[in-house]
Amino acid sequence: MAFSSSSSPVPRRAGGGRDGVHLKERGLSSPRSRGIRSLPDVCPKEPTGEGRGLHNGPSVVAEHDRWTVYSSKVNLPAALNDPRLAKRESDFFTKTWGLDFTEMEVMPSFHLPNISREQFGPYSQEMTQRERIHERCKTICPNKDDVDAVSSITTNHDKSRAELEQVPKIFMRPEFALEDPATFNMVLPWSHFHSAGGKSRDVASSKLLQEKLSHYLDVVEVSIARQISLRSEAFFHAMSSQHELQDRLQETQQAVAILRGRTDAMDRVMCQGPLRALRIALTRNNCVKLHNKLKLMAAVHQTQPTVQLLLSTSEFVGALELIATTKEVLQQELQGIHSFRHLGSQLCELEKLIDKMMVEDFSMYARSDLNRNLKEETQVLEKGRLESLVFGLLRQRKLDFLDIYSDEMITAAKAIVSQCVAERVVHIEEIDTEVIFKLADQMRLMTFPQWFELLENIFETFLLFLQRIKDTLNVIRNVVLQVLSSNHKNRLLAETSSAPVGQDISQEKLALQGEAELAYLTHEGLFISDALNEAQQQRQQESGVAGQDQHSAAGSRFQQNRTETAAEGDSSSGISEISAGREHSFISGENPMPTDMELNRVINNLQELLYVASDVSHDRCVKVLTARAKDGSLERLSSAEFVSLSQAVETFVRDTEDLCGRRSVSLRGALQSQANRFVNRFHEERKTKLSLLLDNERWKQADVPAEFQDLVNSIADGKISLPERKVSGAEDRKPADFLLVDGQKYAVVGTVLLLIRIFLEYCQCVNDIPSITTDMLTRLSDLFKHFNSRSCQLVLGAGALQVVGLKTITTKNLALASRCLQLVVHYIPIIRAHFETKLQPKQFSVLRHFDHIMKDYNDHIAEISAKLVAIMDSLFEKFLSKYEVKAPMPSACFRNICKQMAKMHEAIFDLLPEEQTQMLFLRINACFKMHLKRQLARLGVSNDGGPQHGLVVVDVAFYTENILALKSLERLDLNMAEIWEQKR
């Protein structure tokens, strides 16, 4: 139930009664309303007069009808009682301009300082105590008016609430709607009208229902009027704000009218003329663009003749760049031009033709470069032409051009061997080339010096061949690296252009672009001044025509280049244009150059191609080596010849490895195969020689020539190799009786001296041919084993009796054999250390052969010593078994024993060192004491001081005196007391 727009009362109490009639009050204000605090005026009215107002300004409102209260769209009670508002807004005239009004944030004024909370700190501290005292007093003594007002409001509120509770709850529901049949039946129960009471009963019921609904209406209206009376102050405040707002709107209308007039004058005076100038300038720019487009069409029309001119000078890159630029211009700048509809396909066919021409030209270049004279022409053939070809092939992504070079390289390598053999055979009269056609047969007919000279010539030629290939590939690599660098600079320029645009950045970009252009053209060596002019023109274009896009700039550059080429018409201008085209292609990044990954793959392929060249050279040399070795001639070489061959091959392999950076194995493998055959023959010859020497050895002490003493001295100095043969002087040194090794004398046989020279020959071969170290070690260990086993058979096994015809194997033979074995044992660790320096760490396991040999030799030496002891042991058993204790003394048995001991000492004293002699006689003395003790026990003689004991003491003293009288045995402890049985 809402009031209409004509009945919007502002209620007040008449007569002060609680149930008084609410009347309208016009132009009157209650004296009580002055004491009530009103809401703040959100639109205060500015004072009039004194020239401060805007009375003379234009007004927007004045141009329309004057606003009255009847122009309002919403009545006041509906605005005050809007149920959609969460709370009552006191300033709804400024905040609720409608349902679609949104509250905006007011920007702070720049003329007012920012006030912070800290600036109120002193005031807050000062007023805190006063506020506490005020709150305490207010709590103790409340205001009487406030108490009365609160009690009155509470009473009125309770009464209003009691009255409102009489109204049924159905009227208060948000979903209340009489259109709903159920709600309508509940509000108007028709059952009362159709009851059995008749018509009079129905009329009474309807009146009763009407009175009840009227009562409900009165209760609601009274409640609404009460609420309006409570908000009367807010209403009057809103009305005063509304009047002030109307005054301000009128002033604003006047100000807007003045502003409109001034704006119209500004448009007439300041805008129309400049806009006309801008339109004229735009028209002029359009005419310039049209003129440039026509010049661009004229330049494109001359593309095909210019391409033919460039192809005639082999400038493939320039032609390709011109075609690419023309195609780009056709697709972007001149798209849809009818006269150029066939030019695109013609340019594509021309580009395919250039691709074929570049491939054929590169093949011809590779063939002529690899087949020219290697010794006289060492420089790269036509470096500029090669760079141009490589740039063009990379430009077209023809990345398989290295396969062409590889095929030509293999063909040239085959021709090198044939040419070297033909040149060498011409100077050999013994070979008739008309009868012997095959190169292998011609090489086998050569002597070793002739063939070796041919091989060295082939090695030298192949080194020059590889050097030429490396130089050519380096030129290609430099071109690829330059393209990589160009791509990197393109990325830098792209990143710079994507950054925030500024003058410093644009200047840096221009400087970087100019530097890249200059670097590229310096590499090419063509017309640096043209590059500088091009860069300057690009700067002028970029600064002068700021409104043009990138495609227009590219078209202008193309047109300028084409105009200069057409004007000059000579080859120099064509090359200049090509350089500019290359520069633009590599720097601007608008070309279809290969990616960094593809370029890196090309660089890897260049290195692999160099490796292939090294392998091909080695394979051709292997053919030469195997052709010579087919009839076994390399196996019959002397050691010096094979060493020279091995050194030449090793030198060539090392030079190619340094040149190409890769260790090829084919030539080394072929040499290793020949070396294995050479080692077999080398070993068999020396083993056979050693066997013959051993079979003819009589095991007598030999004189030591000075040559062998020098050989041993060189080993002592750390040189495990054969010394150079010295020319014998006028005074030859006499042979010595002993071989001096590290201060010790060694009595040796002639076979051992030759054995020393033989194993030095093995070591020398290892020095000269490191690749046969393991084979030589195996053969040398076999040689040592053969010497050990054969000498054991001849001496200990008494084989020399049948082989040489010796009557017996004497103790001197045994001692001499032992000393020879000791000399060999002395050199085995030295030889082992020498071989260890030549082996790889993974090959050290083969050194165990030397450990086994050392054990076998030491066992052999121990067996010889045991044999010497066994000889004396048998003599002691023979003599002492017949020993009897009786006069005369010393007995004959002891005389014979001392005689045999002296002979033994005489035989071995000069052969064995003093320490070994003493150890040997200690062992012999132990055997003597054992047999004497056994014999005395058998005879029943004991150390009881009897006559027999005295006789035995005399014999033992004689034995002791004779033994100690021998050289180097003076201090020997015989301990003869052990011959007597210990008393229990």
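Residues numbered from 1 in each chain as written. Predicted model: local features only at pLDDT ≥ 70, side-chain atom pairs only at ≥ 80, totals over all residues. Heavy atoms only, no water.

### Points about the overall build of the protein
Moving on, step 1. Looking only at helices and strands, the protein has 31 helices and two strands in total.
Moving on, step 2. Taken over 984 residues, the protein has a buried fraction of 38%.
Moving on, step 3. In the protein, 78% of the contacts between residues at least 6 apart in sequence involve partners at least 24 apart.
Moving on, step 4. About 58,100 Å² of surface is accessible on the protein, with carbon and sulfur atoms providing 54% of the total. (Helix = DSSP H or I, 4+ residues; strand = E, 2+ residues; numbered from the N terminus. Buried < 20%, exposed > 50% of the residue type's maximum accessible area, 1.4 Å probe, protein only. Contact = heavy atoms within 4.5 Å. Areas by Shrake-Rupley, 256 points an atom, 1.4 Å probe, with all protein chains shown as cover.)

### Structural notes on unusual backbone geometry
Moving on, step 1. The omega torsion of the bond from Ala-887 to Pro-888 falls at 5°, within 30 degrees of zero and hence cis.
Moving on, step 2. One can find Pro-888 in the loop between helix 28 (848-880) and helix 29 (892-908).
Moving on, step 3. Omega for the bond connecting Met-889 with Pro-890 falls within 30 degrees of zero, at -5°, which places this linkage in the cis form.
Moving on, step 4. Despite not being glycine, Trp-699 shows a phi value in the positive range, around 60°.
Moving on, step 5. Judged by relative accessible area, which is 3%, Trp-699 ranks as buried.
Moving on, step 6. Phi is positive for Asn-975, close to 50°, though the residue is something other than glycine.
Moving on, step 7. Along the chain, Asn-975 falls in the segment after helix 31 (947-964).

### Some words on the pattern of salt bridges
Moving on, step 1. Evaluation of the coordinates by the stated rule reveals 16 salt bridges.
Moving on, step 2. Ionic pairing is found between Arg-248 and Glu-244, a salt bridge with its closest N-O pair at 3.8 Å. On the criterion of helical spacing, the pair formed by Arg-248 and Glu-244 is a turn pair, its members being four residues apart in helix 8 (residues 232-301).
Moving on, step 3. According to the relative accessible area criterion, Arg-248 is partly exposed, its value standing at 31%.
Moving on, step 4. Under the relative-accessibility criterion, Glu-244 is labelled buried at 5%.
Moving on, step 5. Note that Lys-687 and Asp-782 form a salt bridge whose closest N and O atoms lie 3.1 Å from each other. Of this pair, Lys-687 sits in helix 22 (residues 666-695) while Asp-782 sits in helix 25 (residues 773-794), placing them 95 residues apart in sequence.
Moving on, step 6. For Asp-782, a relative accessible area of 29% gives the class partly exposed.
Moving on, step 7. Connected via shared salt-bridge partners are Arg-681, Glu-685, Arg-686 and Glu-761. (Salt bridge = Lys/Arg side-chain N within 4 Å of Asp/Glu carboxyl O.)

### Overview of the nonpolar core
Moving on, step 1. Grouped together as the largest cluster of nonpolar side chains are 192 residues, with contacts concentrated most on Trp-451, Phe-465, Leu-645, Phe-835 and Tyr-959.
Moving on, step 2. Counting residues per element, this core draws most heavily on helix 15 (residues 448-498), at 18 residues.
Moving on, step 3. When neighbours within four sequence positions are excluded, Trp-451 is seen to be in contact with Met-443, Met-446, Val-624, Leu-625, Arg-628, Leu-634 and Leu-645. (Core = buried A, V, L, I, M, F, W, Y, C linked by side-chain atoms within 4.5 Å.)

### Notes on the packing of aromatic side chains
Moving on, step 1. Under the criterion given, the structure shown has 16 aromatic pairs.
Moving on, step 2. Between the aromatic rings of Phe-459 and Phe-652, the centroid separation amounts to 4.4 Å while the plane-to-plane angle is 10°, which identifies the pairing as stacked. Taken together, the residues span a long stretch of sequence, with Phe-459 in helix 15 and Phe-652 in helix 21 (residues 639-660) at a distance of 193 residues. Comparing Phe-459 with Phe-652 shows no difference in burial state: the two are buried.
Moving on, step 3. Residues Phe-462 and Phe-465 carry aromatic rings whose centres are separated by 6.3 Å and whose planes lie at 80° to one another, so their mutual orientation is edge-to-face. Of this pair, Phe-462 and Phe-465 both sit in helix 15, separated by three residues, roughly a single helical turn. Assigned by exposure class, Phe-462 and Phe-465 land together as buried.
Moving on, step 4. Members of the aromatic cluster, each reached through a chain of ring pairs, are Phe-876, Tyr-883, Phe-894, Phe-928 and Tyr-959.
Moving on, step 5. Just above the ring of Tyr-746 sits the side chain of Arg-819; from NZ or CZ to the centre is 3.9 Å. (Phe/Tyr/Trp six-rings, centres within 6.5 Å; stacked < 30°, edge-to-face > 60°. Lys NZ or Arg CZ within 6 Å of the ring centre and 35° of its normal.)

### Details of the packing of helix 22 against helix 25
For any two helices packed against each other, one specifies the crossing angle of their axes together with the interaxial distance.
Moving on, step 1. For the pair helix 22 and helix 25, the least separation of the axes is 10 Å and the interaxial angle reads 15°. Classed by the angle they form, the pair helix 22 and helix 25 counts as roughly parallel. The two elements helix 22 and helix 25 meet at a crossing, and its hand is right-handed. Touching Gln-672, Asn-676, Val-679, Asn-680, Phe-682, His-683, Arg-686, Lys-687, Leu-690, Ser-691, Leu-694 and Asp-695 of helix 22 are Asp-775, Met-776, Arg-779, Asp-782, Leu-783, His-786, Phe-787, Arg-790 and Leu-794, all from helix 25.
Moving on, step 2. Class assignment for the residues of the contact of helix 22 with helix 25 results in eight nonpolar, six polar and seven charged. (Axes fitted to C-alpha atoms, helices over the stretch in contact; angles between N-to-C directions. Parallel < 35°, antiparallel > 145°, perpendicular 65-115°, else oblique. Left-handed = near helix turned anticlockwise from the far one by under 90°. Nonpolar A, V, L, I, M, F, W, Y, C, P; charged D, E, K, R; others polar.)

### Concerning the packing of helix 24 (residues 750-768) against helix 27 (residues 811-838)
Moving on, step 1. Following both chains from N to C, one finds helix 24 and helix 27 inclined at 0°, their axes separated by 11 Å at the closest point. The angle between the axes of helix 24 and helix 27 places the two elements in the roughly parallel class. Residue-level contacts link Val-752, Leu-755, Ile-756, Phe-759, Cys-763, Val-766 and Asn-767 of helix 24 to Cys-820, Leu-823, Val-824, Tyr-827, Ile-831, His-834, Phe-835 and Lys-838 of helix 27.
Moving on, step 2. Residues of the contact of helix 24 with helix 27, tallied by class, amount to twelve nonpolar, two polar and one charged.

### Quick notes on helix 9 (residues 303-312)
Moving on, step 1. Looking only at helix 9, the buried set comprises Thr-303, Thr-306, Val-307, Leu-310 and Leu-311. With its buried residues spanning 140° around the axis, helix 9 presents them on a single face. (Arc of directions from axis to C-beta.)

### Observations concerning a nonpolar patch on the surface
Moving on, step 1. Taken together, the side chains of Met-266, Val-269 and Met-270 make up a nonpolar region of the molecular surface, amounting to roughly 340 Å² of accessible area.
Moving on, step 2. Relative to the helices and strands, Val-269 is located in helix 8. (Patch = residues over 30% accessible without salt bridge, like charges linked within 9 Å, V, L, I, M, F, W, Y side chains within 5 Å.)

### Here's the deal with the confidence of the model for the protein
Moving on, step 1. Of the residues in the protein, 73% reach a pLDDT of 70 or more, and the chain-wide mean stands at 75.
Moving on, step 2. No element of the protein has a lower mean pLDDT than helix 1 (residues 31-35), which averages 38, and none a higher one than helix 28, which averages 93.
Moving on, step 3. Across residues 508-533, confidence stays below pLDDT 50; counting only partners more than four residues off in sequence or on other chains, it has 45 contacts.
Moving on, step 4. Low pLDDT, under 50, characterises residues 543-557; the stretch is placed with 14 contacts to residues that sit more than four places away or in other chains. (pLDDT = per-residue confidence, 0-100.)

### Observations concerning the side chain of Ser-646
Moving on, step 1. Tracing the sequence through the fold places Ser-646 in helix 21.
Moving on, step 2. Ser-646 sits in the buried class, given a relative accessible area of 0%.
Moving on, step 3. When neighbours within four sequence positions are excluded, Ser-646 is seen to be in contact with Leu-671, Asp-768 and Ile-769.

### Description of helix 29
Moving on, step 1. Here helix 29 is 17 residues long and its end C-alpha atoms lie 25 Å apart, about the 24 Å a rise of 1.5 Å per residue gives.
Moving on, step 2. Taken together, the buried positions of helix 29 are occupied by Cys-893, Phe-894, Ile-897, Cys-898, Met-901, Met-904, His-905, Ala-907 and Ile-908. (Expected span 1.5 Å × (residues − 1).)

### With respect to the state of the cysteines
Moving on, step 1. Counted by the stated rule, this structure contains zero disulfides.
Moving on, step 2. Of all cysteine sulfurs, the one in Cys-621 lies closest to Cys-420, which takes part in no disulfide; the gap is 9.4 Å.
Moving on, step 3. A residue is classified by how much of its surface remains accessible, and Cys-420, at 4% relative accessible area, is buried.
Moving on, step 4. Not part of a disulfide, Cys-898 finds its nearest cysteine sulfur in Cys-893, a span of 9.4 Å. (Disulfide = S-S within 2.5 Å.)

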